[in-house]
Amino acid sequence: MSTQEFARWMSEIQARTESALGAALPDAAIAPARLHEAMRYAVLGGGKRVRPLLVHAAGALVSASPDQLDFPACAVELIHAYSLVHDDMPCMDDDILRRGKPTVHVEYDDATALLVGDALQTQAFQTLTESSFNISPGARIEMIRLLAQASGSRGMAGGQAIDLASVGLRLTREELEFMHLHKTGALIRAAILLGAHCGTPAAESTLNALDRYAKLIGLLFQVVDDILDAQADTATLGKTAGKDADNDKPTYVSLLGLDEARRLAQEMLTAAHDALAPLGPRADALRQLADYIVHRPF
Ligand code: GRG
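Residues numbered from 1 in each chain as written. Predicted model: local features only at pLDDT ≥ 70, side-chain atom pairs only at ≥ 80, totals over all residues.

1. A short note on the packing of helix 3 (residues 50-61) against helix 13 (residues 284-295)
Definition in use: To get an axis, a line is fitted to the C-alpha atoms, and for a helix only the part in contact is used. The angle between two axes follows their N-to-C directions and goes from 0 to 180 degrees. Here a helix means four or more residues in a row that DSSP labels H or I, a strand means two or more in a row labelled E, and each is numbered from the N terminus. Orientation labels follow simple angle bins: below 35 degrees gives roughly parallel, above 145 gives roughly antiparallel, 65 to 115 gives roughly perpendicular, and whatever is left gives oblique. By convention the crossing between two helices is left-handed if the near helix lies anticlockwise of the far one by an angle smaller than a right angle, and right-handed if it lies clockwise. The contact rule is simple: place each C-beta atom from the backbone, and if two of them lie within 7 Å, those residues are in contact. Three residue categories are used. Nonpolar comprises Ala, Val, Leu, Ile, Met, Phe, Trp, Tyr, Cys and Pro, charged comprises Asp, Glu, Lys and Arg, and polar comprises the others, including Gly.
Viewed as axis vectors pointing N to C, helix 3 and helix 13 meet at an angle of 160°, and their least axial separation amounts to 9 Å. For the element pair helix 3 / helix 13, the angle class is roughly antiparallel. As for the relative orientation of helix 3 and helix 13, their crossing is left-handed in sense. Contacts between helix 3 and helix 13 involve Val50, Leu53, Leu54, Ala57, Ala58 and Ala60 from the first element and Ala285, Leu286, Leu289 and Ile293 from the second. Taken together, the residues of the contact of helix 3 with helix 13 sort by class into ten nonpolar, no polar and no charged.

2. A word on the nonpolar core
To keep it simple, the criterion reads: For this entry, the nonpolar core is defined as buried Ala, Val, Leu, Ile, Met, Phe, Trp, Tyr and Cys residues connected by C-beta atoms within 7 Å. Partly exposed residues are those whose C-beta has more than 12 but fewer than 20 other C-beta atoms within 10 Å; 20 or more makes a residue buried and 12 or fewer makes it exposed, with C-beta atoms placed from the backbone.
With 87 residues, the main nonpolar core has Leu147 and Leu220 as its most contacted residues. Here leucine 220 is in contact with Ala265, Met268, Leu269, Ala272, Ala290, Ile293 and Val294, once residues within four sequence places are set aside.

3. Things to note about the site of the ligand
Using the following cut-off: Throughout this description, a residue near a molecule or strand is one whose C-beta atom, derived from the backbone, lies within 6 Å of it.
In the neighbourhood of the ligand, 16 residues make up the surrounding shell, with Gly47, Lys48, Ser83, His86 and Asp87 lying closest. Broken down by secondary-structure element, the contributors of at least two residues to the shell around the ligand are helix 4 (66-87), helix 8 (156-165), helix 9 (173-196) and helix 10 (204-237). Looking at which element gives the most residues to the shell around the ligand, the answer is helix 4, with five residues. A per-class count over the shell around the ligand returns four nonpolar, seven polar and five charged.

4. Some points on helix 12 (residues 258-276)
How we decide: Under the convention used throughout, the expected extent of a helix is 1.5 Å for every residue step, that is, one less than its residue count. By definition, the arc is the one covered by directions from the helix axis to the C-beta atoms.
Its 19 residues place the ends of helix 12 27 Å apart at the C-alpha level, agreeing with the 27 Å of an ideal helix rising 1.5 Å per residue. Buried within helix 12 we find Ala261, Ala265, Met268, Leu269, Ala272, Ala275 and Leu276. Across the axial projection of helix 12, the buried residues extend over an arc of 120°, all falling on one side. For helix 12, the exposed residues lying more than 90 degrees away from the buried face are Asp259, Glu260, Arg263, Gln266 and Thr270.

5. Brief notes about the environment of glutamine 121
Relative to the helices and strands, glutamine 121 is located in helix 6 (residues 110-128). Sequence-wise, glutamine 121 and glutamate 77 are 44 residues apart; in three dimensions their C-alpha atoms are separated by 9.8 Å. The contacts of glutamine 121, once residues within four sequence positions are left out, are Ile79 and Tyr82.

6. Observations regarding the confidence of the model for the chain
Put simply, the test is: As a per-residue measure, pLDDT reflects the predictor's confidence and takes values from 0 up to 100.
Taken residue by residue, the chain gives an average pLDDT of 93. The fraction at 70 or more is 95%. Confidence drops under a pLDDT of 50 for residues 238-245, and excluding neighbours within four residues, the segment shows 18 contacts in the predicted structure. Model confidence for the complex is summarised by a pTM of 0.94, with the ipTM given as 0.93.

Okay, here's the thing in structure tokens:
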């Protein structure tokens, strides 16, 4: 897959994800209209759709059809969108902008933002139960289990709890890694595994290779996020990159310094490519997605 083919593939998946999400979400004209409008505001018209891209890339590896992959792609993106809405609230990161527009609690209000997150989360699971999602009962249950585990206290919500408890602390590299494997990594891993459960049952060795890749790019995503944050802080505030600008959270940059964090990102990228090596050219989109994660826009 050439760089141009990959760019075209990405745009196609982003466009089909946008329209699948639009169809999965309740119409804004239906009561309760304000909640439905706010749900659509939170999800549509923004975001890089990295997780849906991972679902489709992993699904292509097991010959799953894009029409079927839209269901898990939407489910994972809805969980991601809910996490961003709640993460932005005053009781968490207290952010006023997300994807270039006012955050949901700013545009609407705190109670609506809370309900938007709740409703997006349940909508994600409902999407996996749709009758037009044509999958064996066993695979469907396994996908629901994987997504629930990745989202809950032993996944993303647990990682967020550790993150909130870590403000002002100096974590070891292992502790930081544990936090991010849960907070960001668990949903990224779920995206890849859900895609891989959609087609011809994958060999154990394929699932193992995908799992290794998933863990690496989950962490890589966060290391790059910390680097981008530190660069933005330095550029906009003229401050020395160190802690999160807002609330003194530990980051890879505060722990390792910017140069070492960049070196670690490169090492993880190489390891992610190595993990995919046994899968051959079929894994090309996943390979290029790892590169995209490193070079993604802020
Ligand atoms: C509230 C339960 C709960 C969890 C929140 C993932 C998360 C946990 C919070 C997001 C905070 C954050 C900015 C984490 C850094 C990594 C990350 C998930 C960045 C945003 O994801 P992108 O870059 O965003 O994929 P887009 O907008 O492109 O979808």
